[in-house]
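Residue-level structural notes
What follows is each chain in one-letter form.
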Amino acid sequence: MIRFAGDSGDGMQLTGDRFTSETAVFGNDLATLPDFPAEIRAPAGSLPGVSGFQVHFADHDILTPGDQPNVLVAMNPAALKVNLGDLAKGGTVIVNTDAFSDRNLQKAGYATSPLDDGSLSDFHVHAVSLSSMTIEALKEVDGITSREAERSKNFFALGLMSWLYNRPIEGTLGFIETKFGKRPEIAEANTRAFKAGWNYGETSEDFAVSYEIAPAKLEPGRYRQISGNSALTYGLIAASKLSGLPLFLGAYPITPASDVLEQLANMKHFGVRTFQAEDEIAASGAALGAAFGGSLGVTTSAGPGIVLKSETVGLAVTLELPLIVVDVQRAGPSTGMPTKPEQADLLMVMFGRNSESPVPVVAASTPAGCFDAAIEAARIAIKYRTPVFLLSDAYLANGSEPWLIPDVSALPDISTEFATSPKDGDVFLPYKRDAETLARPWAIPGTPGLEHRIGGLEKEDKTGNISYDPENHDLMVRLRAAKVAGIAADIPELEVDDPDGANTLVLGWGSTYGAIGAAARRVRASGRKVATAHLHYLNPFPRNTGEVVRSYEKVLMPEINLGQLKMLIRAEFLVDAVGYNKVRGRPFRAAELADAITALVDS
């Protein structure tokens, strides 16, 4: 487990991403955790400005980015101070000594230099003059100032770590050439800095050994490294092709969902249309209008934007049109901590609309799993003519892992048919429902004979005319609710991992999947028995959920909120579930969950 940390201008995300890419090419299993400040540019050398990137890689299956890094690469005192508490005792610290000036130490809140006062005695410290050695290595590059040369120190650090862990280098050299091709002097500078870092590791007596992590034994197939937002992007494109519907995204930029808008904007060759709206309300309105016109309508946002979309989602409930609403959750309330993960939007997407307006909710659990979740959200929306919430979060969105690229021919057919002519003589009944799904016909505007009224006022059953009849309103409310509830018969049952016949179940949802799985491995290794299950469908719940939770004496629900799923499970199934809840803007650590599980098993 390695964590790169430095100022937000030090290129730590790029460094971590390149190390990860080469690790993926090498064949290790991996998981990453980018961690960056919300400020566009916090003051250099300040604690709030520290940016980090953690990568966990192994020769076997792993589930999380790791609890405590074994190696910390700290580019300045602030990076050291922010991250040292997470480092495992006995771990390795590589520091850029050139950054430990009196001014930088003062900014980080150090009275004395930790390199001299003995406070790092529990760690193996390598003091490396990263900045000055980078400048020295680049002094013969024409067109590069010393200030520009110093900026290449992240590639020096990357070269050093690539040597230390025997990472391939060809991909990084090719990346530098491609990315900086328009500035050949910058490309040459970064290439020289990278090679200088590699050579320093090779020749320095400070690093006596290097390490080799063998490739992991993964399921055969073709893999690529993928982040949650990229997987979500590809999943939406796949859903468009599988359904035969053109993809329309209406979005307003917001962290951490903006990547999806940016990536889809580059996918015009797949027939994708993107609309960057002036606000969240316009974005969702445009997406719903696109759905009315026969497109696969999608709108993306994070918690603050989802609040603004609620009225449009309610309109989609009434119109009974397919709409995918992606919520990449982040820490709140209000603006909160925009770059940090949280799972606290569950109750909002379940109930955050006026009146009785149930909406299906699907949740991704891994970065790669965002691909499948997108297709499933589209399938449900199209088949049942309903808006669907797809929940991700900042951890899944920015984190990455190996993804087994699926066989396109094995992906599900989610195609649909539009209404083409009236089925009741010469009269078109826009709200006459399919007997199995309770979905109404999808009639494209301009189709002869299928003219019908839409809008937010209550519809008369079958005709769709405006109705204020009390009995009709009661009927329509119940029909819409029954349609969503009926989806339970069309989704997989909740799977339980219980190899030993345990009496304790750990039930999770969303991005806690990896931490719960890793924690269960630790608990089982200690000789204790524990079962795990993970919900990918939160409304409706899988049809066997009640049977599962009632079959265990104890049920623990870890959530990065204050107990929202616990509230729903208790209310729905009357089980005395207990929660493990923390809202720190960080994923759970496997060790802390293992301790909580052990305490419950032993109680």
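Note: the structure precedes this text.
Report on the accompanying structure.

1. Looking at the overall build of the protein chain
- Helix and strand counts for the protein chain stand at 20 helices and 20 strands.
- Relative to its length of 603 residues, the protein chain is compact, with a C-alpha radius of gyration of 27 Å against a globular reference of 25 Å.
- If one aligns the C-alpha atoms of the protein chain with their principal axes, the spans along those axes are about 90 × 60 × 45 Å.
- Taking all 603 residues of the protein chain together, 57% fall into the buried category.
- For the protein chain, long-range pairs separated by at least 24 residues make up 77% of all intrachain contacts whose partners lie at least 6 apart in sequence.
- Element-wise, carbon and sulfur atoms account for 52% of the exposed surface of the protein chain, whose accessible area totals about 25,400 Å².
- Computing the positive centroid from 54 side-chain charges and the negative centroid from 73, the protein chain places the two 2 Å apart.

2. Regarding the sheet that holds strand β17 (residues 531-535)
- One open sheet holds the five strands; their spatial order is β15-β17-β16-β19-β20, and the pairing between them is mixed. Two strands bound the open sheet, and with one partner strand each, they are β15 (496-497) and β20 (578-581).
- Strand direction decides the pairing type here: strand β19 (residues 554-559) and β20, joined by four bridges, are parallel. Paired with Met-557 across the bridge in β20 is Gly-579.
- Most of the contacts of helix α19 (residues 564-573) go to β19, to which it runs at about 145 degrees, and overall it touches β16 (504-509), β17, β19 and β20.
- Packed onto the sheet, helix α20 (residues 590-602) meets β16, β19 and β20 and runs at close to 160 degrees relative to β19.

3. What to know about a nonpolar patch on the surface
- Side chains of Ile-281, Val-307 and Leu-308 sit close together on the surface and give an oily, nonpolar patch of about 260 Å² of accessible area.
- Along the chain, the position of Ile-281 falls in helix α11 (residues 280-292).

4. Remarks on the packing of helix α17 (residues 513-525) against α20
- Their axes nearest at 8 Å, the elements α17 and α20 cross at an angle of 55 degrees. Classified by the interaxial angle, the pair formed by α17 and α20 is oblique. The element α17 and its partner α20 pack so that their crossing is right-handed. The residues of α20 that touch α17, namely those facing Ala-515, Ile-516, Ala-518, Ala-519, Arg-522 and Val-523, are Ala-590, Ala-591, Leu-593, Ala-594, Ile-597 and Thr-598.
- Counted by class, the contact of α17 with α20 contains 10 nonpolar, one polar and one charged residues.

5. A look at the environment of Lys-217
- For Lys-217, the location among the structural elements is in the loop between α8 (184-203) and β7 (223-227).
- Residue Lys-217 is classed as exposed on the basis of its relative accessible area of 84%.

6. Considering α8
- When the terminal C-alpha atoms of α8 are compared, their 28 Å separation across 20 residues agrees well with the 28 Å that a helix rising 1.5 Å per residue should span.
- Within α8 the residues assigned to the buried category are Glu-185, Ile-186, Ala-187, Ala-189, Asn-190, Ala-193, Phe-194, Ala-196, Gly-197, Tyr-200 and Gly-201.
- For α8, the elements touching its buried residues are β6 (124-128), α4 (130-137), α6 (153-164) and α7 (170-179).

7. Section: the pattern of salt bridges
- One pass over the full model with this rule turns up 28 salt bridges.
- Residue Arg-480 pairs with Glu-458 through a salt bridge whose shortest N-O separation is 3.1 Å. With Arg-480 in helix α16 (residues 470-485) and Glu-458 in the loop between β14 (400-404) and α16, this pair connects stretches of sequence that are 22 residues apart. Each member of the pair, Arg-480 together with Glu-458, is buried.
- Notably, a salt bridge pairs Asp-461 with Lys-462, separated by 3.1 Å at the nearest N-O pair.
- Among the residues examined, Lys-462 registers a relative accessible area of 38% and is labelled partly exposed.
- One network of salt bridges, in which partners are shared, links Arg-3, Asp-86, Arg-586 and Arg-589.

8. Some points on the pairing of strand β1 (residues 2-7)
- Counting buried positions over the six residues of β1 gives six, a clear majority of the element.
- As paired elements, β1 and strand β4 (residues 71-74) share four bridges and run parallel to each other. When the bridges of β4 are listed, Arg-3 appears paired with Leu-72.
- Bridge count between β1 and strand β3 (residues 50-58): six bridges; the pairing is antiparallel. Bridging from a neighbouring strand, Arg-3 pairs with Gln-54 of β3.

About the criteria used
- Residues numbered from 1 in each chain as written.
- Predicted model: local features only at pLDDT ≥ 70, side-chain atom pairs only at ≥ 80, totals over all residues.
- Heavy atoms only, no water.
- Helix = DSSP H or I, 4+ residues; strand = E, 2+ residues; numbered from the N terminus.
- Rg over C-alpha atoms; globule rule 2.2 N^0.38 Å.
- Buried < 20%, exposed > 50% of the residue type's maximum accessible area, 1.4 Å probe, protein only.
- Contact = heavy atoms within 4.5 Å.
- Areas by Shrake-Rupley, 256 points an atom, 1.4 Å probe, with all protein chains shown as cover.
- Lys, Arg positive; Asp, Glu negative; His and termini not counted.
- Charge placed at Lys NZ, Arg CZ, Asp CG, Glu CD.
- Pairing = 2+ DSSP bridges.
- Axes fitted to C-alpha atoms, helices over the stretch in contact; angles between N-to-C directions.
- Patch = residues over 30% accessible without salt bridge, like charges linked within 9 Å, V, L, I, M, F, W, Y side chains within 5 Å.
- Salt bridge = Lys/Arg side-chain N within 4 Å of Asp/Glu carboxyl O.
- Parallel < 35°, antiparallel > 145°, perpendicular 65-115°, else oblique.
- Left-handed = near helix turned anticlockwise from the far one by under 90°.
- Nonpolar A, V, L, I, M, F, W, Y, C, P; charged D, E, K, R; others polar.
- Expected span 1.5 Å × (residues − 1).

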